[in-house]
Amino acid sequence: MGYGRKIILVICLIVFVGSAGVLLDYFISGMREQSALEDLDKLKVEQADLETDKGTVIGKYVNLYKANDDIIGWITVDDTRINYPVMQTKNSPEYYLDRNFNEEYAASGTPFMDADSDIFIPTSNFMIYGHHMKNGTMFHDLLKYEDKEFYEEHKTFRFDTIYKGGQGTYEVIAACYSQIYPKDSKKFKYYQYAAMTSESDFNEYVKNVKALSEYDTDTTAEYGDQLVTLSTCAYHVEDGRFFVVGKRIDAKQVKPQ
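Note that the structure is predicted; figures quoted are calculated from it, not measured. Numbering of residues starts from 1 in each chain and follows the order in which that chain's sequence is written. Local features in a predicted model are, by the rule used here, given only for residues with pLDDT of at least 70; side-chain atom pairs are given and counted only at 80 or more, and totals for whole chains, interfaces and linings are based on all residues. In computing side-chain properties, one takes all heavy atoms of the structure into account and sets aside hydrogens as well as water.

A look at the overall build of the protein chain
Next up, step 1: Runs of H or I in DSSP of at least four residues are treated as helices and runs of E of at least two as strands, each being numbered from the N terminus. Tallying secondary structure elements over the protein chain gives four helices and ten strands in all.
Next up, step 2: Each residue is placed in one exposure class: buried if its accessible area under a 1.4 Å probe, protein chains only, is under 20% of its type's maximum, exposed if it is over 50%, and partly exposed if it falls in between. Looking at the 257 residues of the protein chain, the share that counts as buried comes to 48%.
Next up, step 3: Residues count as neighbours in contact if any of their non-hydrogen atoms are within 4.5 Å of one another. The contacts in the protein chain between residues at least 6 apart in sequence include a share of 61% that link residues at least 24 apart.
Next up, step 4: Taken as a whole, the protein chain presents about 13,100 Å² of accessible surface, with 52% of it coming from carbon and sulfur. Note on areas: Shrake-Rupley with a 1.4 Å probe; residue coverage comes only from the protein chains shown.

Written out as structure tokens, the structure is:
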């Protein structure tokens, strides 16, 4: 082997080892962040409710609220890793895009609600974002809903606000692929419907997500139903997105107390 080829081989090995190290660090960091979030679940213990200036915090969420009052809810999808707190910071909408529950840097971030969604009005749609992490954490498992068989076995998910009156089960009405479109595009932009309160916007949203859905769920929503939209990145196109829409089935809109 010539000297030049040896140099190239050494460089390739260095690049390979460096890339493997970066990849390993990515997965280790991701699992560490996942473990920390799973530990938060242990803070949910039954105790007395807590009166705050925002409303009455349900007892089992009191410890979490005291640890970080940016928390506004908890999202759970059975048979997935989706079992996380949901944060919201209206003055800095993407604050938790790359921060953990303790407000430290974390590549996986923490699921958060769109600043335009409001659990206290409430708006008709609670838009919640989470990263699609390649290590299988955050909203990675949301894409299981592209498979109708998974949907058939998991027709509902759980989203609780931490405030009294906001706990609910949601039935999936649509599971859709989309993308972030240019501002001048006339394509349906689901991500622009986080603040909707009018009947016309609600009906337009439901009509379009039903049309986009990967399969027919045989259920829809009507104005007065509370919706939750779970959104994450997808890689079928540039700036791709995948989202799941559910309607609350145990009650109509309930203003948290």
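Quick look at the environment of tyrosine 191
Next up, step 1: Position of tyrosine 191 relative to the elements: it lies in the loop between β8 (167-179) and α4 (199-212).
Next up, step 2: Along the primary structure tyrosine 191 and isoleucine 128 are separated by 63 residues, whereas in three dimensions their C-alpha atoms are 10.0 Å apart.
Next up, step 3: Not counting residues up to four positions away in its chain, the partners in contact with tyrosine 191 are Met127, Tyr129, Gln179, Ile180 and Tyr181.
Next up, step 4: The definition of a polar contact used here is a pair of N or O atoms within 3.5 Å, where within protein one atom must be able to donate a hydrogen and the other to accept one, and adjacent residues in sequence count solely through side-chain atom pairs. A polar atom in the side chain of tyrosine 191 sits 2.8 Å from the backbone nitrogen of tyrosine 181.

Side note on the pairing of strand β10 (residues 240-248)
Next up, step 1: Burial within β10 is extensive, with nine of its nine residues counted as buried.
Next up, step 2: Here β10 shows a buried face lined by Gly240, Phe242, Val244, Gly246 and Arg248 and a second buried face lined by Arg241, Phe243, Val245 and Lys247.
Next up, step 3: Paired strands, as defined in this entry, are two strands with at least two bridges between them according to DSSP. Both β8 and β10 contribute to a ladder of nine bridges, which runs antiparallel. Across the sheet, the residue bridging to tyrosine 177 is phenylalanine 242, located in β10.
Next up, step 4: As defined by bridge partners, strand β9 (residues 227-234) adjoins β10 across eight bridges and the pair is classed as antiparallel. In the sheet register, leucine 227 faces β10, and the bridge partner there is lysine 247.
Next up, step 5: Hairpin connection between β9 and β10: a loop of five residues separates the two successive antiparallel strands, and aspartate 239 in this loop has a positive phi of roughly 60°.

Describing the packing of aromatic side chains
The geometry of an aromatic ring pair is captured by the separation of the ring centres together with the interplanar angle, meaning the angle of the planes.
Next up, step 1: The pairing test for Phe, Tyr and Trp rings, Trp by its six-membered ring, is centres within 6.5 Å, and the orientation test on the planes gives stacked under 30 degrees, edge-to-face over 60, and tilted for anything in between. For the coordinates displayed, the defined rule picks out 15 aromatic pairs.
Next up, step 2: With a centroid separation of 5.3 Å and an interplanar angle of 35°, the aromatic rings of tyrosine 193 and tyrosine 205 are classed as tilted. With tyrosine 193 in the loop between β8 and α4 and tyrosine 205 in helix α4, the pair connects residues that are twelve residues apart, well separated along the chain.
Next up, step 3: Judged by relative accessible area, tyrosine 193 falls into the buried class, the value being 11%.
Next up, step 4: Site record: aromatic cluster; members linked through ring pairs are Phe126, Phe157, Phe159 and Tyr170.
Next up, step 5: For a ring to carry a charge above it, either NZ of a lysine or CZ of an arginine must fall within 6 Å of the ring centroid while also lying within 35 degrees of the normal to the ring plane. Just above the ring of tryptophan 74 sits the side chain of lysine 44; from NZ or CZ to the centre is 4.1 Å.
Next up, step 6: The lysine or arginine in question, arginine 99, covers the ring of tyrosine 95, its NZ or CZ lying 4.0 Å from the ring centre.

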